[in-house]
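Okay, here's what each chain looks like letter by letter:
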Amino acid sequence: MSFKSIVKGHELAFVSKLLTIFGAVEERQMRQLFSHLSDSEYGKIMTRLYREGFFYRTPEAKYLTSTRVLLDKVNIQSSVACFWAFLELKDRICDFCTGETPAIITLAAKSTDYDLIPVTARNTQLINDSAEELPEKTVRFLVTRDLNLLTGIERRMKNDYAIHVDDRGVVETYEL
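A brief look at the structure comes next.

Quick notes on the rules
- Residues numbered from 1 in each chain as written.
- Predicted model: local features only at pLDDT ≥ 70, side-chain atom pairs only at ≥ 80, totals over all residues.
- Heavy atoms only, no water.
- Helix = DSSP H or I, 4+ residues; strand = E, 2+ residues; numbered from the N terminus.
- Rg over C-alpha atoms; globule rule 2.2 N^0.38 Å.
- Buried < 20%, exposed > 50% of the residue type's maximum accessible area, 1.4 Å probe, protein only.
- Contact = heavy atoms within 4.5 Å.
- Pairing = 2+ DSSP bridges.
- Axes fitted to C-alpha atoms, helices over the stretch in contact; angles between N-to-C directions.
- Polar contact = N/O pair within 3.5 Å; in protein donor to acceptor, adjacent residues only side chain to side chain.
- Phe/Tyr/Trp six-rings, centres within 6.5 Å; stacked < 30°, edge-to-face > 60°.
- Lys NZ or Arg CZ within 6 Å of the ring centre and 35° of its normal.
- Expected span 1.5 Å × (residues − 1).
- Arc of directions from axis to C-beta.

In this section: the overall build of the protein chain. Looking only at helices and strands, the protein chain has 7 helices and 9 strands in total. Here the C-alpha atoms of the protein chain give a radius of gyration of 16 Å, agreeing with the 16 Å that 2.2 N^0.38 yields for 176 residues. Taken along the three principal axes of its C-alpha coordinates, the protein chain extends 45 × 35 × 25 Å. Across the 176 residues that make up the protein chain, the buried fraction comes to 51%. Contacts in the protein chain between residues far apart in sequence, at least 24 positions, make up 50% of those at least 6 positions apart.

Let's shift gears to the sheet that holds strand S7 (residues 139-144). Taken together, 6 strands build an open sheet; the order of strands is S4-S5-S6-S7-S8-S9 and the sheet is mixed. The outermost strands of the open sheet, each flanked by one partner alone, are strand S4 (95-98) and strand S9 (171-175). Neighbouring strand axes in the sheet, compared pairwise and without regard to direction, differ in orientation by 25 degrees on average. By the bridge criterion, 4 bridges tie S4 to strand S5 (residues 105-108) in an arrangement that is antiparallel. Counted as the bridge partner of phenylalanine 96 is leucine 107 from S5. Of the strands in this sheet, S4 and S5 touch helix H2 (residues 11-22), which is tilted by about 40 degrees from S4. Sheet strands in contact with helix H6 (residues 76-89) are S4, S5, strand S6 (113-118), S7, strand S8 (160-165) and S9, and its direction is about 155 degrees off that of S6.

The next point concerns the side chain of arginine 156. By secondary structure assignment, the location of arginine 156 is in the loop between S7 and S8. For arginine 156, the side chain forms a polar contact with the main-chain oxygen of proline 135, separated by 3.3 Å. A polar contact is formed between the side chain of arginine 156 and the backbone oxygen of threonine 138, at a distance of 2.6 Å. Leave out the neighbours within four places in its chain, and arginine 156 touches Ala131, Leu134, Pro135, Glu136, Thr138, Val139 and Arg140.

For the coordinates displayed, the defined rule picks out 11 aromatic pairs. Centre to centre, the rings of phenylalanine 3 and phenylalanine 34 are 6.2 Å apart; their planes meet at 55 degrees, and the pair counts as tilted. Taken as a pair, phenylalanine 3 in helix H1 (residues 3-7) and phenylalanine 34 in the loop between helix H3 (27-33) and helix H4 (39-51) lie far apart in primary sequence, 31 residues in all. Like phenylalanine 3, the residue phenylalanine 34 is buried in the burial classification. Taken together, the aromatic side chains of Phe3, Phe14, Phe22, Phe34, Phe83, Phe86 and Phe96 make up a single cluster linked through ring pairs. Positioned above the aromatic ring of phenylalanine 96 is the side chain of lysine 17, whose terminal nitrogen or guanidinium carbon lies 4.4 Å from the ring centre.

Taken together, the 3 strands give an open sheet; going across it, the order is S1-S3-S2, and neighbouring strands pair in antiparallel fashion. Unpaired on one side and paired on the other, strand S1 (24-26) and strand S2 (56-57) mark the two borders of the sheet. Relative to the sheet, H6 contacts S1 and strand S3 (63-65), its axis offset from that of S1 by approximately 60 degrees.

Once that is clear, we can look at H4. Compared with an ideal rise of 1.5 Å per residue, which puts 13 residues at 18 Å, H4 spans 18 Å between its outermost C-alpha atoms and is within 8% of the ideal. When we look at burial in H4, the residues that qualify are Tyr42, Ile45, Met46 and Leu49. Each buried residue of H4 lies within a common arc of 90 degrees when the element is viewed along its axis, so the set occupies one face. Residues of H4 that are exposed and point over 90 degrees away from its buried face: Lys44 and Arg51. Looking at the residues trailing H4, positive phi occurs at glycine 53, about 80 degrees.

Below, the structure written as structure tokens:
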């Protein structure tokens, strides 16, 4: 089932849900996710959300977030990188929800769950500590902009992957 068929007619709710989960995303990412909508349809949804106070757009119109205050608290680079990974996986998923720390989001597919976990210099130990609690069948996607950060990650026996995201949003996936 495609992401388009899941969200069709419910885009407003999904934009709001995604902003709550990710904290901050780039405007171009959200537009790409809803590329099945015309510019007019997308504009109407975003205008309505803005008027109702469900999102904040930065002055330079680069980032979207659910509130202005959240923009100062979220790790924007990690959120944006994980959203690029989400865009790559969107057509595999049946449902999604906020992930259990250190994951930003958990994606449910037909037979597998995926966790998108941002890798930063500050959360490596947390990622390692939480690995034992994660069910073996859950696929861990470790999302990073710097592959060198993966050297501190303790690899599980299976279902561990790295997703490298560059500044243009190009995604490369590697099995660990």
